[in-house]
Amino acid sequence: QVQLVESGGGLVQAGGSLRLSCQTRGTISSINTMAWYRQAPGGQRELVASINRDHIRDPRINYADSVKGRFTISRDNARNFVYLQMSSLKSEDTAVYYCYAEVRQDYSGSYDPHWGQGTQVTVSS
């Protein structure tokens with residue numbers, strides 16, 4: 001079994017900052033891409049930021065245009081964490097934020113997608 005456990009959401013004023021954390025737990029051989037998505041009320045789930053496994057030698061970090069320069073994604077491969085540092089928050093950043101990870105549970109298996117339960121971020125104007 002694999003679980004993605006998120007924390008760090010909450011209520012913040014516009015212009016403020018929040019840091020989201022997500023730990024992948026369970027039987028894990030390797031984790032490939034990790035990412036954060038969000039879904040606003042009435043909207044579709046959209047990619048916020050993603051980071052590949054070997055982000056030091058082969059950095060592939062992607063951001064949605066709407067968060068570039070304000071959000072930073074990072075990961076700790078030793079502890080299976082992914083983080084999202086959010087700064088200069090705007091009311092339009094209000095959404096449920098979901099952690100995503102591609103997890104391989106044994107050395108011969110494939111990478112399967114897994115999702116966290118979601119954490120609410122509310123930005124008041």
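Here, every reference points to the structure presented above.
Just so it is clear, the structure is predicted and the values come from calculations on it, not from any experiment. (Residues numbered from 1 in each chain as written. Predicted model: local features only at pLDDT ≥ 70, side-chain atom pairs only at ≥ 80, totals over all residues. Heavy atoms only, no water.)

Asks: I tried to follow the sheet that holds strand S8 (residues 81-86) on my own but got confused; where do I start?
Replies: Paired through their backbone hydrogen bonds, the strands of a sheet run either parallel or antiparallel. Spatially, the four strands line up as an open sheet ordered S1-S3-S8-S7, and their pairing is antiparallel. Each of the sheet's edge strands pairs with one partner strand only, and the pair in question is strand S1 (2-7) and strand S7 (71-76). Across the sheet, the mean angle separating the axes of adjacent strands is 15° when strand polarity is ignored. Note that strand S3 (residues 18-26) and S8 share six bridges and pair antiparallel. (Pairing = 2+ DSSP bridges. Helix = DSSP H or I, 4+ residues; strand = E, 2+ residues; numbered from the N terminus. Axes fitted to C-alpha atoms, helices over the stretch in contact; angles between N-to-C directions.)

Asks: I would appreciate a short explanation of the state of the cysteines in the present structure.
Replies: Think of a disulfide as a covalent bridge from one cysteine sulfur atom to another cysteine sulfur atom. Inspection of the entire model under this criterion finds one disulfide. Between the sulfur of Cys22 and that of Cys99 lies a disulfide, 2.1 Å long from S to S. Across the disulfide from Cys22 to Cys99, rotation about the S-S bond amounts to roughly -85°, and the bridge is consequently left-handed. You can see Cys22 sitting in strand S3 and its partner Cys99 sitting in strand S9 (residues 95-104), a full 77 residues away along the chain. Of the two residues examined, Cys22 and Cys99, each falls in the buried class. (Disulfide = S-S within 2.5 Å. Buried < 20%, exposed > 50% of the residue type's maximum accessible area, 1.4 Å probe, protein only.)

Asks: Can you help me understand the pairing of S3 in this one?
Replies: Look at any regular strand and the pattern is simple: side chains alternate between the two faces of the sheet. Bridging between S1 and S3 involves six bridges; their strand directions are antiparallel. Across the sheet, residue Gln3 finds its bridge partner in S3, namely Arg25.

Asks: Quick question: what am I supposed to make of the packing of aromatic side chains here?
Replies: Between two aromatic rings, the relevant description is the distance of the centres plus the angle of the planes. A complete count under the given rule lists four aromatic pairs for this structure. Plain terms: the ring middles of Phe81 and Tyr83 are 5.5 Å apart, the flat faces sit at 5° to each other, and that makes the pair stacked. Taking the relative accessible area as the measure of exposure, Tyr83 reaches 10% and is therefore buried. Through pairs of rings, three or more aromatic residues link up here, namely Tyr37, Tyr100 and Trp115. For the cation-ring pair, Arg45 lies above Trp115, with the distance from its terminal atom to the ring centre recorded as 4.7 Å. (Phe/Tyr/Trp six-rings, centres within 6.5 Å; stacked < 30°, edge-to-face > 60°. Lys NZ or Arg CZ within 6 Å of the ring centre and 35° of its normal.)

Asks: Looking at this model, I keep getting lost on the environment of Asn32. Mind explaining?
Replies: Following the sequence through the fold, Asn32 ends up in strand S4 (residues 30-39). Taking the relative accessible area as the measure of exposure, Asn32 reaches 26% and is therefore partly exposed. When neighbours within four sequence positions are excluded, Asn32 is seen to be in contact with Ile51, Asn52, Arg53, Arg75, Glu102 and Tyr111. (Contact = heavy atoms within 4.5 Å.)

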